[in-house]
Amino acid sequence: MHDQVSKRTKDRGEAGNTLGRKVLWRLALIGVVAVGVAFVGISSREREESDLIRLTQTEAIPTVELVSPSRGSSAQHLVLPGEVEAWFSAPIYARVSGYVKMWYKDIGAKVKVGEVLAEIDTPDLDQQYEEAKGELAKAQANAALAELTAKRWQAMRVTDAVSQQTADEKAGDYNAKKAEVAAASADVARLAAMEGFKKITAPFDGVVTARKIDVGALVSSTPGNAPDLFDVADVHEMRIYVDVPQAFSAQVHVGMTAQLKLPQFPNRSFDATVATTSDAISQRSRSLLVELRRDNKDGLLQPGAFVEVEFDLPPDPNALRIPASALIFRRLGPEVATVDANDKVVLKPVVVGRDLGQEVEIKSGLSPGDRIIRSPSDSIAAGDQVRVAGQRAATELSAR
């Protein structure tokens with residue numbers, strides 16, 4: 001009995017030990033699993049954080065769109081404002097003072113050279129003219145008397161009736177009287193010429209563009225204070241003046257043609273030819289003054305008219321065209337952001353030519369093979385790393 005109890009007790013102890021070992025193994029297995037799960041979780045989290053950092057750094061690199069410069073257009077179309085002027089244009093002033101007796105030509109009248117435009121009544125001048133003629137007659141009479149006296153005294157000198165001194169004095173008096181006649185004649189001639197200015201005449205064939213007097217108006221010949229009476233213009237041929245910017249001055253030459261467009265003829269253009277240039281750049285406007293000429297037999301061009309002058313200039317073989325959005329304006333002047341072989345930004349200073357709207361013409365600073373950023377950000381700097389839009393798509397596709 002006792003042996004059975006002891007055996008049973010022993011069996012129970014062995015069973016307890018076996019159960020304890022199983023529990024310990026299970027606990028150890030659970031610990032190992034927990035540690036493994038924790039390790040896997042930590043490793044996954046670190047990998048995710050690393051991927052996030054790498055993704056953030058990758059996304060921080062800006063993606064840009066690149067374009068290549070293209071050659072300039074086959075011809076340059078240059079449109080500039082100009083002004084039409086008459087072949088000759090002259091304001092007509094009064095040479096004598098008086099009152100307007102009558103005017104004969106109004107604005108728009110076609111006149112010939114020497115044709116009377118108006119007539120001035122000059123009572124003061126007329127009186128001076130009559131007085132001058134009287135002085136001339138008096139001087140002539142005195143000279144005639146002096147001549148007779150000089151001849152008589154010269155004859156008496158032969159007989160020694162008078163002294164040589166007295167004869168010489170009479171001869172000198174005669175010469176003085178002749179000089180007075182000459183002076184009086186010159187004064188009469190001057191006033192006679194002034195009398196001729198009572199008639200205002202046209203200096204050349206043309207058209208009256210302004211009449212600034214009326215009958216009875218007082219006109220003066222005082223320099224600096226006298227207003228002009230008429231404006232006369234010769235419009236058989238017209239001069240057109242235009243200021244060409246310095247950048248295009250070398251491409252404009254004598255003999256080339258241009259098209260004229262006037263607001264009053266919206267559906268018509270007129271040919272004109274470059275006749276001459278000022279051959280100097282204005283320091284104020286940095287432009288070259290160009291004179292064009294056009295025959296005006298049809299009378300359509302009018303002095304003082306505004307006109308648009310259109311030049312077809314030869315192309316610039318060295319010019320390149322890029323999008324206007326590619327330009328960067330900074331303190332040192334316009335620049336263009338390009339991308340090198342390592343996808344890093346290189347800023348290039350450029351010389352800008354014509355503004356073509358959505359595009360601009362670059363005269364120097366770029367080469368046809370440059371890779372240009374179409375729309376760079378204002379903060380872009382030399383050496384920045386960028387990603388090209390097309391290359392990113394290709395990389396993602398290959399990664400898949």
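What counts as what
- Residues numbered from 1 in each chain as written.
- Predicted model: local features only at pLDDT ≥ 70, side-chain atom pairs only at ≥ 80, totals over all residues.
- Heavy atoms only, no water.
- UniProt positions renumbered as here; feature names shortened; annotations may be inferred.
- Helix = DSSP H or I, 4+ residues; strand = E, 2+ residues; numbered from the N terminus.
- Buried < 20%, exposed > 50% of the residue type's maximum accessible area, 1.4 Å probe, protein only.
- Contact = heavy atoms within 4.5 Å.
- Areas by Shrake-Rupley, 256 points an atom, 1.4 Å probe, with all protein chains shown as cover.
- Lys, Arg positive; Asp, Glu negative; His and termini not counted.
- Salt bridge = Lys/Arg side-chain N within 4 Å of Asp/Glu carboxyl O.
- Pairing = 2+ DSSP bridges.
- Core = buried A, V, L, I, M, F, W, Y, C linked by side-chain atoms within 4.5 Å.
- Axes fitted to C-alpha atoms, helices over the stretch in contact; angles between N-to-C directions.
- Parallel < 35°, antiparallel > 145°, perpendicular 65-115°, else oblique.
- Left-handed = near helix turned anticlockwise from the far one by under 90°.
- Nonpolar A, V, L, I, M, F, W, Y, C, P; charged D, E, K, R; others polar.
- Expected span 1.5 Å × (residues − 1).

- The name an unreviewed UniProt entry gives the protein is RND family efflux transporter MFP subunit, with Methylovirgula ligni as the organism.
- Per UniProt, the protein has the following entry under Subcellular location (unreviewed entry): "Cell envelope".

### Observations concerning the overall build of the protein
For step 1, the next point in the chain: Along its length, the protein carries four helices and 23 strands.
For step 2, the next point in the chain: Buried residues in the protein amount to 30% of all 400 residues.
For step 3, the next point in the chain: Summarising the internal contacts of the protein: among those between residues at least 6 apart in sequence, 74% fall at separations of at least 24.
For step 4, the next point in the chain: Of the roughly 25000 Å² of accessible surface on the protein, a fraction of 55% belongs to carbon and sulfur atoms.

### Looking at the side chain of Glu335
For step 1, the next point in the chain: Its location among the elements puts Glu335 in strand S18 (residues 333-339).
For step 2, the next point in the chain: Notably, Glu335 is buried but unbridged: the nearest opposite-charge side chain belongs to Arg330, and the N-O separation is 4.3 Å.
For step 3, the next point in the chain: Setting aside residues no more than four positions away along its own chain, Glu335 makes contact with Ala326, Leu327, Ile328, Arg330, Leu347, Lys348, Pro349 and Val350.

### Overview of the pattern of salt bridges
For step 1, the next point in the chain: Tallied over the entire structure, the rule returns 18 salt bridges.
For step 2, the next point in the chain: Between Lys105 and Glu115 there is a salt bridge, and its shortest N-O distance comes to 2.8 Å. With Lys105 in the loop between strand S5 (98-103) and strand S6 (110-111) and Glu115 in the loop between S6 and strand S7 (116-121), this residue pair connects regions lying ten residues apart in the sequence.
For step 3, the next point in the chain: The closest approach of N and O atoms between Arg371 and Asp343, which form a salt bridge, is 3.1 Å. One end of the pair, Arg371, is in the loop between strand S21 (359-364) and strand S22 (372-373); the other, Asp343, is in the loop between S18 and strand S19 (345-349), with 28 residues separating them in the sequence.
For step 4, the next point in the chain: Asp343 sits in the buried class, given a relative accessible area of 15%.
For step 5, the next point in the chain: Connected through shared salt-bridge partners, Asp126, Glu195 and Lys198 make up one network.

### Quick notes on the sheet that holds S7
For step 1, the next point in the chain: Reading across from one edge, S8-S7-S5-S10 is the order of the four strands in this open sheet, with antiparallel pairing throughout. Either end of the sheet is taken by a strand with one partner, and the two such strands are strand S8 (199-201) and strand S10 (218-219).

### Points about the nonpolar core
For step 1, the next point in the chain: If you look at the biggest cluster of nonpolar residues, it comprises 30 residues, and the most contacted ones within it are Leu117, Ile200, Leu229 and Phe230.
For step 2, the next point in the chain: For this core, the secondary-structure elements that each account for two or more residues are strand S4 (76-92), S7, helix H2 (123-158), helix H3 (164-196) and strand S11 (230-245).
For step 3, the next point in the chain: Top contributing element to this core by residue count: H2, with six residues.
For step 4, the next point in the chain: Residue contacts for Phe230: discarding those within four places in its chain leaves Ala90, Pro91, Ile92, Trp103, Lys105, Leu117, Ala118, Ile200, Val208, Ala210, Arg211 and Ile213.
For step 5, the next point in the chain: Val84, Phe248, Ala305 and Phe311 belong to the second-largest nonpolar core, a separate cluster that totals 25 residues.

### Regarding the packing of H2 against H3
For step 1, the next point in the chain: At a closest axis distance of 7 Å, the pairing of H2 and H3 adopts a crossing angle of 160°. Considered as vectors, H2 and H3 are oriented roughly antiparallel to each other. Regarding H2 and H3, the two cross each other, and that crossing is left-handed.
For step 2, the next point in the chain: Residues belonging to the contact of H2 with H3 are distributed by class as follows: 18 nonpolar, eight polar and twelve charged.

### A short note on the pairing of S21
For step 1, the next point in the chain: Where strand S16 (residues 320-323) lies against S21, four bridges are found, and the strand directions are antiparallel. Counterpart to Leu320 in the pairing with S21 is Ile362.
For step 2, the next point in the chain: The turn linking strand S20 (residues 351-355) back onto S21 is made up of three residues, and Gly357 within it adopts a positive phi angle of 95°.

### Section: the sheet that holds S16
For step 1, the next point in the chain: Pairing within the open sheet is antiparallel, and its four strands lie in the order S3-S16-S21-S20. Each end of this open sheet is capped by a strand with a single partner; those strands are strand S3 (70-71) and S20.
For step 2, the next point in the chain: Pairing analysis gives three bridges linking S20 to S21, with the strands arranged antiparallel. Among the inter-strand pairings, Val352 is bridged to a residue of S21, identified as Ile362.

### Digging into H2
For step 1, the next point in the chain: With 36 residues, H2 should cover 52 Å at 1.5 Å per step; its first-to-last C-alpha distance of 53 Å lies within 8% of that length.
For step 2, the next point in the chain: Taken together, the buried positions of H2 are occupied by Leu125, Tyr129, Ala132, Leu136, Ala139, Ala143, Ala146 and Ala150.
For step 3, the next point in the chain: The positive-phi residue at the C-terminal boundary of H2 is Asp160, with phi of around 60°.

### Details of unusual backbone geometry
For step 1, the next point in the chain: Although it is not a glycine, Asp279 adopts a positive phi angle of roughly 55°.
For step 2, the next point in the chain: When you line up the elements, Asp279 lands in strand S13 (residues 270-281).
For step 3, the next point in the chain: At Asp343, a residue that is not glycine, the phi angle is positive and equals roughly 60°.

### Some thoughts on the pairing of S16
For step 1, the next point in the chain: Both S3 and S16 contribute to a ladder of two bridges, which runs antiparallel. Paired with Arg71 across the two strands is Leu320, which belongs to S16.

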